[in-house]
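Results of the structural survey
For reference, the chains in residue letters:
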Amino acid sequence: MGYHEWKSCIDACLQCAAVCNHCAASCTQEDDVNMMANCIALDMQCAAVCYTAAQLMSMGSDKAKAMCVICAELCEACGNECGKHDMKHCQECSQLCLACAQECRKMAA
């Protein structure tokens, strides 16, 4: 298994990582940055694990499924946190994180 078989999950991970980076950067511009601290931290963690999961899947690593389990957990946590905030960047991030979590769970099954 590798890139072609896992392409939809790889794409979801890369899209999620990009929007998490955007969300984290946007959160730093909010009036109450302290209120956004958990959101920013989860955005950064989620982006990091999404990039790693996409890399491992692209390489056909035998650790890709295990990484996708972790990725799904972090994506869900990030999506739930971002979903608590009304800002457009957080809502967009929430949707993509939850979709990525679903893709990662399918891939790891």
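These lines cover the structure that appears in this document, whether it is placed above or below. (Residues numbered from 1 in each chain as written. Predicted model: local features only at pLDDT ≥ 70, side-chain atom pairs only at ≥ 80, totals over all residues. Heavy atoms only, no water.)

1. Examining the pattern of salt bridges
For clarity, the threshold we go by: The salt bridge definition used is simple: a Lys or Arg side-chain nitrogen within 4 Å of an Asp or Glu carboxyl oxygen. Each helix is a run of H or I in the DSSP string that is no shorter than four residues. Each strand is a run of E no shorter than two, and both are numbered from the N terminus. Here the term buried applies to any residue with accessible area under 20% of the maximum for its type, exposed to any over 50%, and partly exposed to those in between, with areas from a 1.4 Å probe on protein chains only.
Within this structure, the stated rule accounts for 4 salt bridges. A salt bridge links Lys-7 to Asp-11, with the nearest nitrogen and oxygen atoms 2.6 Å apart. Here Asp-11 and Lys-7 lie together in helix H1 (residues 7–27), a separation of 4 residues that amounts to about one turn. The exposure class of Lys-7 is partly exposed, given its relative accessible area of 33%. By relative accessible area, which is 32% here, Asp-11 ends up partly exposed. The salt bridge partner of Lys-106 is Glu-103, with a shortest N-O separation of 3.2 Å. Here the residue Lys-106 and the residue Glu-103 both occupy positions in helix H4 (residues 88–108), the gap between them amounting to 3 residues, near one helical turn. According to the relative accessible area criterion, Lys-106 is exposed, its value standing at 55%.

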